[in-house]
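Below are the chains, spelled out letter by letter.
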Amino acid sequence: MKRAKIEAGHAGTLDQERHLHFVAPGDVITTDTGFMRGHGTYTEDGKLIASVAGVVERVNKLICVKPMKSRYNGEVGDVIVGRIIEVQQKRWKVDTFSRLESVLLLSSVNLPGGVLVRRMS
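Summarised in this report is the structure supplied together with it. (Residues numbered from 1 in each chain as written. Predicted model: local features only at pLDDT ≥ 70, side-chain atom pairs only at ≥ 80, totals over all residues. Heavy atoms only, no water.)

A short note on the overall build of the chain
Along its length, the chain carries zero helices and ten strands. Counted from the first residue to the last, the chain has its helices and strands arranged as β-β-β-β-β-β-β-β-β-β. Expressed as a percentage of the 121 residues in the chain, the buried residues total 23%. (Helix = DSSP H or I, 4+ residues; strand = E, 2+ residues; numbered from the N terminus. Buried < 20%, exposed > 50% of the residue type's maximum accessible area, 1.4 Å probe, protein only.)

In structure tokens, the structure reads:
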């Protein structure tokens, strides 16, 4: 696996001026004990190590690794596209290519003109 080196710096430290820092699983992100570990990291022998391949993200003292490939994690207000995979009496199961199964309650569907159910003939 090829890894991109953005700028030369001290091994085991995070340089504030780097914009992208790519890591592979097992790479040492930092040896500085002043950082908190976030998603995609673990600590071993006082070192913060990447558990997934991705880009290092730092927010204050929290360090996370954002995976290069991940599933969608929806939030309130997101507009999504999905595929109906199962129709039940009062709900539809929707494949949204996310980590969890999605459910759309028929009572939550608002069609134009106030129609509750549109039948296809």
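From this point, the narrative continues.
A word on the pattern of salt bridges
A complete count under the given rule lists two salt bridges for this structure. With its nearest N and O atoms 3.9 Å apart, the salt bridge here joins Lys93 to Glu86. Given the relative accessible area of 16%, Lys93 is considered buried. Relative accessible area serves as the criterion here: at 33%, Glu86 is assigned to the partly exposed category. (Salt bridge = Lys/Arg side-chain N within 4 Å of Asp/Glu carboxyl O.)

Section: unusual backbone geometry
For Asp45, which is not a glycine, the phi torsion comes out positive at approximately 55°. Residue placement: Asp45 occurs in the loop between strand 4 (41-44) and strand 5 (47-50). Even without glycine at this site, Asn60 takes up a positive phi of about 55°. Among the structural elements, Asn60 can be located in the loop between strand 6 (54-59) and strand 7 (62-67).

Concerning the pairing of strand 5
When strand 2 (residues 28-30) meets strand 5, the two strands line up antiparallel, connected through two bridges. Bridge pairing in strand 5 links Val28 to Ile49. Bridge count between strand 4 and strand 5: four bridges; the pairing is antiparallel. If you follow Tyr42 over to strand 5, its bridge partner there is Ile49. (Pairing = 2+ DSSP bridges.)

Let's talk about the nonpolar core
Core analysis: the biggest nonpolar cluster contains eight residues, these being Val23, Ile29, Phe35, Leu48, Ala50, Val56, Ile63 and Val65. The set of elements that each furnish at least two residues to this core consists of strand 5 and strand 7. Here Ala50 is in contact with Val23, Ala24, Pro25, Gly26, Asp27, Ile29, Gly40, Tyr42 and Val65, once residues within four sequence places are set aside. (Core = buried A, V, L, I, M, F, W, Y, C linked by side-chain atoms within 4.5 Å. Contact = heavy atoms within 4.5 Å.)

Here we look at the environment of His21
Turning to its location among the elements, His21 is positioned in the segment before strand 1 (22-23). You can call His21 buried: its relative accessible area is 18%. Linking His21 and Val55, residues 34 residues apart in sequence, is a C-alpha distance of 5.5 Å.

A few points about the sheet that holds strand 8 (residues 83-87)
Read from one edge of the open sheet, three strands run 8-9-10, paired in antiparallel fashion. Every other strand in the sheet has two partners, leaving strand 8 and strand 10 (102-105) as the edge strands with one partner each. Averaged over all adjacent pairs, the angle separating strand axes in this sheet is 35°, with direction ignored. Of the pairings in the sheet, the one linking strand 8 to strand 9 (residues 91-95) comprises four bridges and is antiparallel in character. If you follow Glu86 over to strand 9, its bridge partner there is Lys93. (Axes fitted to C-alpha atoms, helices over the stretch in contact; angles between N-to-C directions.)

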